[in-house]
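For reference, the chains in residue letters:
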Amino acid sequence: MLDDVEYDDREAPAIGLVPAGVPWEEVQNHIKIQHDPLLVSPADGGQYVGAFWADARMVVAEGLGSDQEEAIQEFREFLRDHGEA
């Protein structure tokens, strides 16, 4: 389980914000247990990646942009489009 996750809950669904530098394996383990949607900070100026649990597997949304606010909105739209909100 990740300890440093803050949540953006201004709109549904709430999205966990994973700090930069967290290994992908830890993100996967957290999602398997918590099932909360997570937005993973980009490494080295890349793009945010969203991840959530659906149908007994982790789903990844890539290319959400390099701006955190934009990435949160894009990920929420992705979740809604996939029936997760």
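A few points on the structure. The shown structure was predicted, so the numbers you read here are calculated from the model rather than taken from an experiment. (Residues numbered from 1 in each chain as written. Predicted model: local features only at pLDDT ≥ 70, side-chain atom pairs only at ≥ 80, totals over all residues. Heavy atoms only, no water.)

### Section: the pairing of strand S5 (residues 57-61)
Quick reminder of the rule: If DSSP finds at least two bridges between two strands, the strands pair. Strands here are runs of E lasting at least two residues and helices are runs of H or I lasting at least four, both read from the DSSP assignment and numbered beginning at the N terminus.
Here strand S4 (residues 49-54) pairs with S5 via five bridges, running antiparallel. Residue pairing across strands places Phe-52 opposite Val-59, the latter belonging to S5.

### Here we look at the pattern of salt bridges
Rule in force here: Every case where a carboxyl oxygen of Asp or Glu lies within 4 Å of a side-chain nitrogen of Lys or Arg is listed as a salt bridge.
By the definition in use, this model includes four salt bridges. The residue Glu-69 makes a salt bridge to Arg-10 at a minimum N-O spacing of 2.7 Å. Remark: Arg-10 occurs in the loop between strand S1 (6-8) and strand S2 (15-18) and Glu-69 occurs in helix H2 (residues 68-81); sequence separation between them is 59 residues.

### Side note on the packing of aromatic side chains
Just so we agree on the cut-off: Pairing of aromatic rings covers Phe, Tyr and the six-membered ring of Trp, with a centre-to-centre limit of 6.5 Å; geometry is then stacked below 30 degrees between planes, edge-to-face above 60, and tilted otherwise. Remark: exposure states derive from per-residue accessible area (1.4 Å probe, protein chains only) relative to the maximum for the residue type, with buried under 20%, exposed over 50%, and partly exposed in between.
Under the counting rule described, the total for this entry stands at two aromatic pairs. Ring centres of Phe-52 and Phe-75 lie 6.4 Å apart, and the angle between their planes is 50°; this geometry places the pair in the tilted category. Of this pair, Phe-52 sits in strand S4 while Phe-75 is found in helix H2, placing the two residues 23 residues apart along the sequence. Each of the two residues, Phe-52 as well as Phe-75, counts as buried. Relative to Phe-78, the ring of Phe-52 lies with its centre 6.1 Å away and its plane at 70°, an arrangement referred to as edge-to-face.

### With respect to the nonpolar core
How we decide: Nonpolar core, defined: a set of buried Ala, Val, Leu, Ile, Met, Phe, Trp, Tyr and Cys residues in which side-chain atoms within 4.5 Å join the residues together. Contacts are assigned to residue pairs that have any heavy atoms within 4.5 Å of one another.
Counting residues in each nonpolar core, the largest one holds 13 residues, and the members touching the most others are Ile-15, Leu-39, Phe-52, Leu-64 and Phe-75. If you list the elements that add at least two residues to this core, you get S2, S4, S5 and H2. In this view, Leu-64 contacts Leu-39, Gln-47, Tyr-48, Val-49, Gly-50, Glu-70, Ala-71, Glu-74 and Phe-75; residues no more than four positions away in its chain are not counted. Judged by nonpolar contacts, the second largest core, of eight residues, contains Leu-2, Val-5, Val-18 and Leu-38.

### Quick word on helix H1 (residues 24-34)
Filter applied, for reference: As used here, the arc is the angular range of directions from the helix axis to the C-beta atoms.
What H1 keeps buried is the set Val-27, His-30 and Ile-31. Buried residues of H1 fall within an arc of 95° about the axis and therefore sit on the same side. More than 90 degrees from the buried face of H1, the exposed residues found are Glu-25 and Ile-33. Positive phi appears at His-35, one or two residues downstream of H1, with a value of about 65°.

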